[in-house]
Amino acid sequence: MRRPRGEPGSRAPRPTEGATCAGPGESCEKAWAGRPKPLVQGHAAGKWERPAWNPGPRSPRSTLRTSPCLPPHGRVRGGSEEMMHVELLCKKSSARTLKDSDCSRKGSPAPNSMLRVLLSAQASSARLSGLLLLPPVQPCCLGPNKWGDHRPPGGGPHAGPVQGLQRLLEQARSPGELLRWLGQNPTKVRAHHYPVALRRLSQLLGSLPQPPPVEQATLQDLSQLIIRNCPSFDIHTIHVCLHLAALLGFPSDGPLMCALEQERRFRLPPKPPPPLPPILRGGQRLEAALSCPCFQRRPQQHLIRSLAEARPEELTPHVMVLLAQHLARHRLREPQLLEAIAHFLVVQEAQLNSKVVQKLVLPFGRLNYVPLEQQFMPCLERILAREAGVAPLATVNILMSLCQLRCLPFRALHFVFSPGFINHVSGTPHALIVRRYLSLLDTAVELELPGYRGARLPRRQQVPIFPQPLITDRARCKYSHKDIVAEGLRQLLGEEKYRQDLTVPPGYSTDFLLCVSSCGSVLPVRAQDPFLPYPPRSCPRATRDPAQRVVLMLRERWHFCRDGRVLLGSRALRERHLGLMGYQLLPLPFEELESQRGLPQLKSYLRQKLQALGLHWGPEGG
């Protein structure tokens with residue numbers, strides 16, 4: 001039960017009641033008068049007892065070590081009692097120690113908390129340190145600073161005036177006041193003060209609705225100050241001053257801008273003179289342009305067209321190989337350049353070997369371009385007859401380019417399908433790639449040359465032509481429309497009525513394959529044989545499956561020559577061979593796919609495409 005105020009209690013006085021510090025104008029004896037004596041620990045018996053008051057004289061040492069606000073008997077050996085007094089004082093500084101009524105009842109002066117003493121204006125540093133029983137903190141030095149001397153922390157003797165001058169410049173209310181602060185403090189002005197002054201001047205002239213009038217003499221004086229001190233500016237300060245001076249409208253040919261520009265040029269290292277370009281003629285100029293890495297990354301067609309007018313005698317095989325590789329790499333179907341390469345090959349036939357010829361013929365097959373040069377094909381046949389046994393891989397590469405152009409020479413086919421040539425390449429490091437190319441040539445002979453009666457590739461030597469998607473499709477899969485078309489077919493037909501990325505004999509990869517009955521109904525693919533027999537003429541017509549195979553072919557942007565609608569040679573060859581094997585092709589051009597906005601429009605587009613072939617199916621989703 002709470003005791004009424006003013007009623008004396010039987011509790012013992014707390015030790016902290018006597019730990020009252022003297023306020024301003026009070027002595028320690030007066031503050032301790034009428035207070036219970038504090039308890040200290042005895043020396044012998046480790047108990048708390050009240051020490052006797054002994055106001056006798058003390059030695060100078062004890063006087064120095066005793067706090068002026070503690071009684072003499074409160075000082076004992078060791079530092080634990082001192083810390084006890086400090087702890088008691090700090091605990092009572094944040095809460096009231098005694099009620100005002102108790103103080104008036106006991107007749108003692110009002111207690112002053114530790115917080116009041118610390119915040120008192122009359123409290124000196126020595127007195128505060130004595131209250132806390134700690135020696136006064138002396139200013140320390142942390143070693144040499146950026147000025148190279150031992151200055152106390154907080155900056156050197158000029159740190160305060162320099163910062164103060166910057167504040168004055170930032171707070172100037174008129175251009176005259178701004179100039180006055182700079183002119184009257186020459187010893188305190190630093191290089192960074194001038195950009196501050198120019199920035200403040202632009203603010204005064206632009207931010208106020210009615211800017212104060214600026215006298216021409218004021219601007220001239222400011223210019224003279226900057227011109228006089230700009231040799232001490234760094235390059236950053238010079239750039240800032242140039243920018244601000246231009247914004248303020250200082251003339252570009254005036255003394256301020258000229259002085260700053262001269263200092264800027266003096267700071268920057270001199271640029272070496274550009275080397276004189278060598279005089280290049282014809283093929284040298286073309287070789288230098290094609291060998292430049294920047295040119296190889298960014299094809300410049302107009303430069304190639306201008307250099308194509310060089311005469312054949314000025315060109316070298318190396319230059320023409322660079323040009324042919326550049327056209328093939330960037331899918332540039334430039335008839336003028338391709339005709340120049342074909343003419344060069346015919347003129348230089350005697351000096352070219354098959355390894356150079358395979359590189360010169362590469363763009364013709366890749367870009368699906370048959371040159372107008374009449375001697376182009378006879379020239380290649382003569383080179384193949386002369387070089388076929390010297391470089392087997394180069395010979396097969398030349399035939400691959402001619403296969404894409406549907407211009408296979410019978411004599412060369414007889415040679416590469418002979419047992420001697422096959423046995424010769426079987427032990428070479430490039431045996432697998434040669435067998436793959438020979439398999440493709442055998443497929444072309446089977447499908448495109450029905451009148452051929454020469455040697456063929458044995459069945460045991462045949463391998464899948466393209467067992468996986470082409471490198472260009474794998475590299476650009478994130479730009480392909482294949483995923484969204486697959487989702488549209490799944491929602492339209494169901495997962496059981498189409499196959500994706502299926503490789504059909506003899507090794508061609510298909511994007512999407514459907515099995516369709518004779519009446520046009522889409523059948524589940526897993527219940528049917530998705531492959532048509534190969535070779536097609538080896539299967540009698542009576543035993544053929546009446547179901548049709550529809551192949552949806554994506555025609556992406558990179559499947560065409562650049563800036564044209566001509567399919568690349570490899571794409572045209574695949575579609576031509578699939579059609580000859582009996583597959584019904586349904587091309588999906590990239591322009592039509594890109595015009596569909598969202599999956600609902602794509603489903604409607606696919607529905608129209610399939611219905612145009614006479615196909616029908618059950619409810620959407622199977």
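Structure first, text after, so check above.
None of the values given here were measured: they were computed from a predicted structure.

**Description of the overall build of the protein**
Inference 1: For the protein, the count of helices and strands is 28 helices and 7 strands.
Inference 2: Residues counted as buried form 41% of the 622 residues belonging to the protein.
Inference 3: In the protein, the proportion of contacts linking residues at least 24 apart, taken out of those at least 6 apart, comes to 67%.
Inference 4: Of the roughly 35600 Å² of accessible surface on the protein, 55% is carried by carbon and sulfur atoms.

**Describing helix H23 (residues 431–448)**
Inference 1: In a regular helix each residue adds 1.5 Å, so 18 residues correspond to 26 Å; H23 covers 25 Å between its end C-alpha atoms and thus fits that length.
Inference 2: Taken as a whole, H23 has its buried residues at Ala431, Val434, Leu438, Ser439, Leu440, Leu441, Asp442, Thr443, Ala444, Val445, Glu446 and Leu447.
Inference 3: In this structure, the buried side of H23 is in contact with helix H20 (392–404), helix H21 (410–416), helix H22 (419–426), strand E4 (508–516) and helix H26 (569–581).

**Topic: the nonpolar core**
Inference 1: One finds Leu345, Leu360 and Phe417 to be the most contacted residues of the largest nonpolar core, which totals 69 residues.
Inference 2: Setting aside chain neighbours within four positions, we find Phe417 in contact with Ile422, Leu438, Leu441, Asp442, Val445, Tyr452, Ala455, Arg456 and Leu457.
Inference 3: Membership of the second largest hydrophobic core comes to 28 residues, among which are Leu178, Val189, Val196 and Ile226.

**Things to note about the environment of Leu493**
Inference 1: Inspection of the secondary structure puts Leu493 in the loop between helix H25 (482–492) and strand E3 (499–504).
Inference 2: A C-alpha to C-alpha distance of 7.8 Å links Leu493 and Gly618, two positions 125 residues apart in sequence.

**Let's talk about the packing of aromatic side chains**
Inference 1: The full count for this structure, using the stated rule, is 6 aromatic pairs.
Inference 2: Taken together, the aromatic side chains of Phe364, Tyr369 and Phe376 make up a single cluster linked through ring pairs.
Inference 3: Stacked on the ring of Phe560, the Lys or Arg Arg565 has its end atom at 4.1 Å from the ring centre.

**Details of helix H11 (residues 235–248)**
Inference 1: The end-to-end C-alpha distance of H11, which contains 14 residues, comes to 20 Å, matching closely the 20 Å that a straight helix rising 1.5 Å per residue would cover.
Inference 2: With its phi angle positive at about 95°, Gly249 sits one or two positions after the end of H11.

**A short note on the pairing of E3**
Inference 1: Bridge count between E3 and E4: 5 bridges; the pairing is antiparallel. Pairing of Thr503 across the sheet is with Ser509, part of E4.
Inference 2: Hairpin connection from E3 to E4: 3 residues lie between these consecutive antiparallel strands, with Gly507 at a positive phi of about 135°.

**Thoughts on the side chain of Arg331**
Inference 1: As for its position among the elements, Arg331 is in the loop between helix H16 (317–329) and helix H17 (335–347).
Inference 2: Of the side chains with opposite charge, Asp563 lies nearest to the buried Arg331, which makes no salt bridge, at 7.8 Å.
Inference 3: Engagement of the side chain of Arg331 in a polar contact is seen with the backbone oxygen of Phe560, the distance being 2.6 Å.
Inference 4: When sequence neighbours within four positions are dropped, the list of residues in contact with Arg331 reads Arg366, Leu367, Arg476, Arg557, Trp558, Phe560, Cys561, Arg562 and Leu568.

**Here's the deal with the side chain of Ser401**
Inference 1: Tracing the sequence through the fold places Ser401 in helix H20.
Inference 2: Judged by its relative accessible area of 6%, Ser401 falls in the buried class.

**Re the packing of helix H18 (residues 354–366) against H20**
Inference 1: Following both chains from N to C, one finds H18 and H20 inclined at 20°, their axes separated by 8 Å at the closest point. The angle between H18 and H20 places the two elements in the roughly parallel class. Seen from above, H18 lies across H20 with left-handed handedness. Residues Ser354, Lys355, Val357, Gln358, Val361, Leu362, Gly365 and Arg366 of H18 pack against Leu393, Ala394, Asn397, Ile398, Ser401 and Gln404 of H20.
Inference 2: In terms of residue class, the contact of H18 with H20 is built from 6 nonpolar, 6 polar and 2 charged.

**Details of the pattern of salt bridges**
Inference 1: Inspection of the entire model under this criterion finds 15 salt bridges.
Inference 2: Notably, a salt bridge pairs Glu261 with Arg264, separated by 2.4 Å at the nearest N-O pair. Here Glu261 and its partner Arg264 are both found in helix H12 (residues 255–267), 3 residues apart, which amounts to about one turn of the helix.
Inference 3: The network of salt bridges with shared partners includes Glu261, Arg264 and Arg265.

How each quantity is defined
As a convention, each chain's residues are numbered from 1 in the sequence order in which they are written. Two thresholds apply to this predicted model, a pLDDT of at least 70 for residue-level local features and 80 or more for giving and counting side-chain atom pairs, whereas whole-chain, interface and lining totals are computed over all residues. Computation of side-chain values: all heavy atoms of the structure, hydrogens and water removed. By the criteria applied, helices consist of DSSP H or I runs no shorter than four residues and strands consist of E runs no shorter than two, each listed in order from the N terminus. A simple rule labels every residue: compare its accessible area, found with a 1.4 Å probe on the protein chains alone, to the largest value its type can have, and call it buried under 20%, exposed over 50%, or partly exposed in between. Contact criterion: two residues are considered in contact whenever any of their non-hydrogen atoms come within 4.5 Å of each other. A 1.4 Å probe and the Shrake-Rupley method give the accessible areas. Residues count as covered only by the protein chains that appear here. For a helix, the expected span equals 1.5 Å multiplied by the number of residues minus one. Remark: nonpolar core denotes a set of buried residues (Ala, Val, Leu, Ile, Met, Phe, Trp, Tyr, Cys) joined through side-chain atoms within 4.5 Å. Two rings from Phe, Tyr or Trp (for Trp, the six-membered ring) form a pair when their centres sit within 6.5 Å of each other. Planes less than 30 degrees apart are called stacked, planes more than 60 degrees apart edge-to-face, and all others tilted. Either the NZ atom of lysine or the CZ atom of arginine qualifies as a charge over a ring when it sits within 6 Å of the ring centre and within 35 degrees of the ring normal. Following DSSP output, two strands are said to pair if at least two bridges run between them. In this tally, Lys and Arg are treated as positive and Asp and Glu as negative; His is ignored, and so are the chain termini. Salt bridge, as used here: a side-chain nitrogen of Lys or Arg that lies within 4 Å of a carboxyl oxygen of Asp or Glu. Side-chain atoms alone can form a polar contact between residues adjacent in sequence; in general such a contact is a pair of N or O atoms within 3.5 Å, and within protein one must be able to donate a hydrogen while the other accepts it. Angles shown run from 0 to 180 degrees and are taken between the N-to-C directions of axes, each axis being a line fitted to C-alpha atoms and, for helices, limited to the stretch in contact. Just so you know how the angles are binned, under 35 degrees is roughly parallel, over 145 roughly antiparallel, 65 to 115 roughly perpendicular, and the rest oblique. Each helix crossing is assigned a hand: it is left-handed if the near helix lies turned anticlockwise from the far helix by less than a right angle, otherwise right-handed if that turn is clockwise. Following the grouping adopted for this structure description, the nonpolar residues are Ala, Val, Leu, Ile, Met, Phe, Trp, Tyr, Cys and Pro, the charged ones are Asp, Glu, Lys and Arg, and the polar ones are all others, Gly among them.

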